[in-house]
Amino acid sequence: MKIFVPILFVFIGITSFISMNNQTSNQPASVVLKDTLMLDREKYLSFLKDSLKGKESLPADSVFKNIKSLKGKSTEQLLSIMNNWGHALGVTCKFCHEMNNWASEKSRNHLRTREMIVMNDRLNRDLLSQMKGFRQPVTMGCISCHNEMKEPPHDGPRPQGPRPRPEGGGQPNTPKN
Ligand code: HEC
Ligand code: HEC
């Protein structure tokens, strides 16, 4: 009986080693997937960059139709922010845009993004920059929570079943101050 226990441990060790190896052999597939997302975003970005040649340093809101959250950014900056958001959430442009109309607000994720920007700005401005116990500046961006995921992991139990949709399609609730 006493000899049985170490044998069992060796067995568990070997089987978990085999399953670890299986996981690493799966990895190239997910790396390829990330690359195709990047390529897909790049396709739209280079198309836009070509059609906006010479306007790179103009204010984004003078070139595009529906700029509310990114006022003050240049056209070039806007496009690189678009790529950064896609990367941070692990998505392509399609996740937030109607592909035949960049200015459209129809996608719920387009509006959610504007709310996220308000939240993220307040987090940095009102909370993180006030923390005395840390070396400043302490800042967070989309990647800090999303880490290439659409939805960051929930703390505590996940809400069960579908959650009710917000009324008004989730219009940003912009603070007054
Ligand atoms: C996480 C959501 C999200 C992703 C991903 C995203 N966008 Fe956007 N995009 C937005 C939001 C929100 C705005 C509006 C910004 C504002 O209000 O200033 C916007 C604005 C734009 C505009 C300006 C449209 C106009 O006419 O006003 C263009 C062009 C654009 N995005 C292109 C892209 C491209 C190309 C990609 C992929 C590389 C992309 N976006 C990825 C959310 C996203
Ligand atoms: C402090 C953490 C945090 C930061 C920073 C943050 N997010 Fe989020 N985001 C969340 C959480 C949590 C959710 C999921 C909410 C839920 O449960 O539906 C979410 C959801 C979203 C969604 C909806 C995704 C879906 O599938 O429902 C979008 C779009 C989004 N975030 C965009 C952004 C962008 C763009 C930024 C940066 C400007 C950003 N977020 C910064 C925490 C964060």
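The structure reproduced in this document is the subject of the present report. (Residues numbered from 1 in each chain as written. Chains lettered and ligands numbered in written order. Predicted model: local features only at pLDDT ≥ 70, side-chain atom pairs only at ≥ 80, totals over all residues. Heavy atoms only, no water.)

### Considering the packing of aromatic side chains
1) Next: Applying the stated criterion to the full structure yields one aromatic pair.
2) Next: With centroids separated by 5.9 Å and ring planes inclined at 75 degrees, the aromatic side chains of Y44 and W102 adopt a geometry described as edge-to-face. Here W102 lies in the loop between α3 (75–89) and α4 (108–127) and Y44 lies in helix α1 (residues 4–51), a separation of 58 residues in the sequence.
3) Next: Its relative accessible area of 30% is what places W102 among the partly exposed residues. (Phe/Tyr/Trp six-rings, centres within 6.5 Å; stacked < 30°, edge-to-face > 60°. Helix = DSSP H or I, 4+ residues; strand = E, 2+ residues; numbered from the N terminus. Buried < 20%, exposed > 50% of the residue type's maximum accessible area, 1.4 Å probe, protein only.)

### Some points on the site of ligand 2
1) Next: Taken together, 20 residues sit near ligand 2, with M116, C142, C145, H146 and H154 positioned nearest.
2) Next: Here R112 contributes a side-chain N or O atom positioned 3.3 Å from an oxygen atom of ligand 2.
3) Next: Contributions of two or more residues to the shell around ligand 2 are made by α3, α4 and α5 (142–146).
4) Next: In terms of residue count, α4 provides more of the shell around ligand 2 than any other element does, eight residues in total.
5) Next: In terms of residue class, the shell around ligand 2 is made up of 10 nonpolar, six polar and four charged. (Near = heavy atom within 4 Å. Polar contact = N/O pair within 3.5 Å; in protein donor to acceptor, adjacent residues only side chain to side chain. Nonpolar A, V, L, I, M, F, W, Y, C, P; charged D, E, K, R; others polar.)

### Here's the deal with the site of ligand 1
1) Next: Around ligand 1 there are 24 residues in total, and N66, M82, C93, C96 and H97 lie nearest to it.
2) Next: Between S69 and ligand 1, the recorded distance is 2.9 Å, taken from a backbone N or O atom to an oxygen atom.
3) Next: Contact between ligand 1 and L70: an oxygen atom at 2.8 Å from a main-chain N or O atom of the residue.
4) Next: Secondary structure elements with two or more residues in the shell around ligand 1: α1, α3 and α4.
5) Next: When residues in the shell around ligand 1 are grouped by element, the largest group, four residues, is from α3.
6) Next: Looking at side-chain class alone, the shell around ligand 1 contains 13 nonpolar, seven polar and four charged residues.

### Focus: the side chain of S107
1) Next: Inspection of the secondary structure puts S107 in the loop between α3 and α4.
2) Next: Polar side-chain contacts of S107 include one of 3.4 Å to the backbone oxygen of C96.
3) Next: Those residues within four positions of S107 in sequence are excluded, and the remaining contacts are F95, C96 and H97. (Contact = heavy atoms within 4.5 Å.)

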